[in-house]
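So the chains spell out like this:
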Amino acid sequence: MEYKTDAIVIRSIDYKENDKLLTLFTPSRGKLTAGIRGVRKPKAKLNFAAQPFCFAEYVLAERAGRYTVTSAYLYDGFFPLRTDIVRYYAGCATLEICNALLMEEEGNEGTFIATVECLKSLSLSEEDPAECLLTFALHALREGGYPVDLDGCGVCGEEVGETPCFEFEFGFFTCKECGQGERASRSTYEVLRKCAGLTYAEEKTDGGRKRALRLIKAYLSQKTEEEYPCFGEFIRLYE
Ligand SMILES: [Zn+2]
């Protein structure tokens with residue numbers, strides 16, 4: 001059986017002598033594994049389709065539940081990501097998040113579109129890479145069942161004030177009075193509100209991007225029990 005689908009390569013590992021095994025993110029079947037033959041030979045025609053970040057229309061042969069790539073038509077390889085190490089790691093972190101939060105054989109069109117948008121912004125625009133990644137991470141967490149609530153204190157409903165806390169268990173911030181979780185900063189909260197498309201206090205965002213990245217990485221690690229080495233490297237490199 002043949003299955004034609006748009007997909008993004010989120011992981012690519014060597015397999016046998018000249019092949020690779022790809023983890024593809026597809027809008028209608030979520031994450032799936034597909035072999036691609038002969039791509040490690042020089043001049044292999046489908047070499048481009050076996051690279052991480054490749055966004056293409058794939059034609060897959062499906063036999064006994066296993067997929068093999070038979071052809072691919074490139075939409076975007078997000079090549080500028082390879083020319084800027086900071087943006088490159090933000091891109092890799094995007095793929096790490098996909099890999100950790102997506103299920104096999106479970107479609108997720110919204111996150112698929114958000115992934116393409118995120119890689120596009122990272123590779124083309126002047127947009128801050130931390131904000132691109134945070135916007136994506138908040139979306140993916142929400143779709144993955146671990147939403148971050150940014151609507152005031154999660155306990156009393158009042159404003160979070162200047163020294164909020166973050167409750168990792170529930171994914172919400174609290175005001176100081178209700179706070180039992182980890183101390184967070186107001187700037188973290190405001191940056192996350194900005195990245196979630198909510199109103200935010202610009203004058204209170206100073207220094208918040210790096211803190212927000214650390215908080216979201218810790219939250220992701222706790223919820224998915226995965227390591228995020230590229231996300232970590234991006235935080236280290238990001239100024
Ligand atoms: Zn409160």
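What counts and what doesn't
- Residues numbered from 1 in each chain as written.
- Predicted model: local features only at pLDDT ≥ 70, side-chain atom pairs only at ≥ 80, totals over all residues.
- Heavy atoms only, no water.
- Domains from an automatic or database assignment.
- Contact = heavy atoms within 4.5 Å.
- Buried area = accessible area lost by both parts, 1.4 Å probe.
- Salt bridge = Lys/Arg side-chain N within 4 Å of Asp/Glu carboxyl O.
- Polar contact = N/O pair within 3.5 Å; in protein donor to acceptor, adjacent residues only side chain to side chain.
- Helix = DSSP H or I, 4+ residues; strand = E, 2+ residues; numbered from the N terminus.
- Donors = N, O, S within 2.8 Å, 3.2 Å for Na, K, Ca; no water.
- Tetrahedral: all angles 85-135°; square planar, octahedral: opposite > 155°, others 65-115°.
- Buried < 20%, exposed > 50% of the residue type's maximum accessible area, 1.4 Å probe, protein only.
- Core = buried A, V, L, I, M, F, W, Y, C linked by side-chain atoms within 4.5 Å.
- Phe/Tyr/Trp six-rings, centres within 6.5 Å; stacked < 30°, edge-to-face > 60°.
- Lys NZ or Arg CZ within 6 Å of the ring centre and 35° of its normal.
- Axes fitted to C-alpha atoms, helices over the stretch in contact; angles between N-to-C directions.
- Parallel < 35°, antiparallel > 145°, perpendicular 65-115°, else oblique.
- Pairing = 2+ DSSP bridges.

Asks: When you look at the domain arrangement of the chain in this model, what are you seeing that I'm missing?
Replies: For interface size, the figure often reported is the accessible area lost on association. Once the domains are mapped, the chain shows domain 1 (2-76) and domain 2 (80-237). With centres defined by C-alpha atoms, the gap from domain 1 to domain 2 works out at 29 Å. If you look at the interface, domain 1 gives 19 residues, while domain 2 gives 21 residues. Both sides of the domain 1 and domain 2 interface together cover about 1,700 Å² of buried area, and 69% of this is carbon and sulfur. Among the residues domain 1 hides against domain 2, the three largest losses belong to Phe25, Lys31 and Phe53. Together they make up 44% of the total. Where domain 1 packs against domain 2, one counts zero salt bridges. Run the count over domain 1 and domain 2 and you get seven residue pairs in polar contact (both at pLDDT 80 or more). Where the side of domain 1 that touches domain 2 is concerned, the elements lending two or more residues are strand E1 (2-15), strand E2 (19-26) and strand E3 (30-36).

Asks: Please clarify how the coordination of the zinc ion should be interpreted in this entry.
Replies: A metal bound by six donors in octahedral fashion has ideal angles of 90 or 180 degrees, whereas one bound by four tetrahedral donors has an ideal angle of 109.5 degrees. The zinc ion binds to the protein through Cys153 (SG), Cys156 (SG), Cys175 (SG) and Cys178 (SG), with metal-donor distances spanning 2.3 to 2.4 Å. Considering all four donor atoms around the zinc ion, angles at the metal cover 99 to 118° and the coordination shape is tetrahedral. Summarised as a motif, the one-chain spacing of the donors to the zinc ion is C-x2-C-x18-C-x2-C. In this pair, Cys156 is assigned in the loop between helix H3 (129-143) and strand E6 (165-167) and Cys175 in the loop between strand E7 (172-174) and strand E8 (182-183), connecting sequence segments 19 residues apart. Accessibility expressed as a relative area gives 37% for Cys156, which makes it partly exposed. The class of Cys175 is buried, set by a relative accessible area of 6%.

Asks: What is the right way to look at the nonpolar core in this model?
Replies: One broad rule of soluble globular proteins: the nonpolar side chains tend to lie buried together. With 53 residues, the main nonpolar core has Ile97, Val148, Phe173, Leu192, Leu213, Ile216 and Phe231 as its most contacted residues. Among the elements of the structure, E1, helix H1 (85-101), helix H2 (109-124), H3, helix H4 (186-195), helix H5 (208-224) and helix H6 (229-237) are those that each provide at least two residues to this core. With nine residues, the single largest contributor to this core is H3. For this core, the two domains that each supply at least three residues are domain 1 (2-76) and domain 2 (80-237). Aside from chain neighbours lying at most four places away, what touches Leu213 is Ala130, Leu133, Leu134, Phe231, Phe234, Ile235 and Tyr238. Residues Leu32, Leu46, Cys54 and Ala56 belong to the second largest nonpolar core, which totals 19 residues.

Asks: Would you take a moment to explain the packing of aromatic side chains for this structure?
Replies: For any pair of aromatic rings, geometry is given as the distance between the ring centres together with the angle between the planes. All told, the structure shown has 15 aromatic pairs when counted by the stated rule. With centroids separated by 5.9 Å and ring planes inclined at 65°, the aromatic side chains of Phe55 and Phe112 adopt a geometry described as edge-to-face. Taken together, the positions of Phe55 in strand E4 (residues 55-63) and Phe112 in helix H2 put the pair 57 residues apart, joining distant regions of the chain. For Phe112, a relative accessible area of 5% translates into the label buried. Considering the side-chain rings of Phe234 and Tyr238, the 5.5 Å spacing of their centres and the 40° angle between planes classify their relative orientation as tilted. A relative accessible area of 5% places Tyr238 in the buried class. Taken together, Phe25, Phe55, Tyr73, Tyr75, Phe78 and Phe112 form an aromatic cluster joined through their ring pairs. Taking the ring centre of Tyr3 as reference, the NZ or CZ of Arg29 above it sits at 3.5 Å.

Asks: How do you make sense of the packing of H3 against H4 when you look at a structure like this?
Replies: Working note: a packed helix pair is described by the angle between its axes plus the distance between those axes. Between H3 and H4, the least distance of the axes is 9 Å, while the angle of their chain directions is 75°. When the interaxial angle is binned, H3 and H4 end up roughly perpendicular. Between H3 and H4, the contacting residues are Glu131, Leu134, Thr135 and Leu138 on the first element and Val191, Leu192, Lys194 and Cys195 on the second.

Asks: Can you walk me through the environment of Gln51 in this structure?
Replies: Inspection of the secondary structure assignment puts Gln51 in the loop between E3 and E4. Put simply, Gln51 and Val9 are 42 residues apart on the chain and 6.7 Å apart in space, counted from C-alpha to C-alpha. Every residue in contact with Gln51, bar those within four places of it in the chain, is listed here: Val9 and Arg82.

Asks: Would you mind showing me how to read the pairing of E2 here?
Replies: When a strand is regular, its side chains alternate between the sheet's two faces. Of all eight residues that make up E2, seven are buried, and the element is covered over most of its length. Note: E1 against E2, seven bridges, orientation antiparallel. Following the sheet pairing, Tyr15 is matched in E2 by Asp19. One ladder, built from seven bridges, connects E2 with E3; its direction is antiparallel. Within the sheet, the bridge partner assigned to Leu22 lies in E3 and is Ala34. In textbook terms, the turn of a hairpin is the stretch between consecutive antiparallel strands, and for E2 and E3 this stretch comprises three residues.

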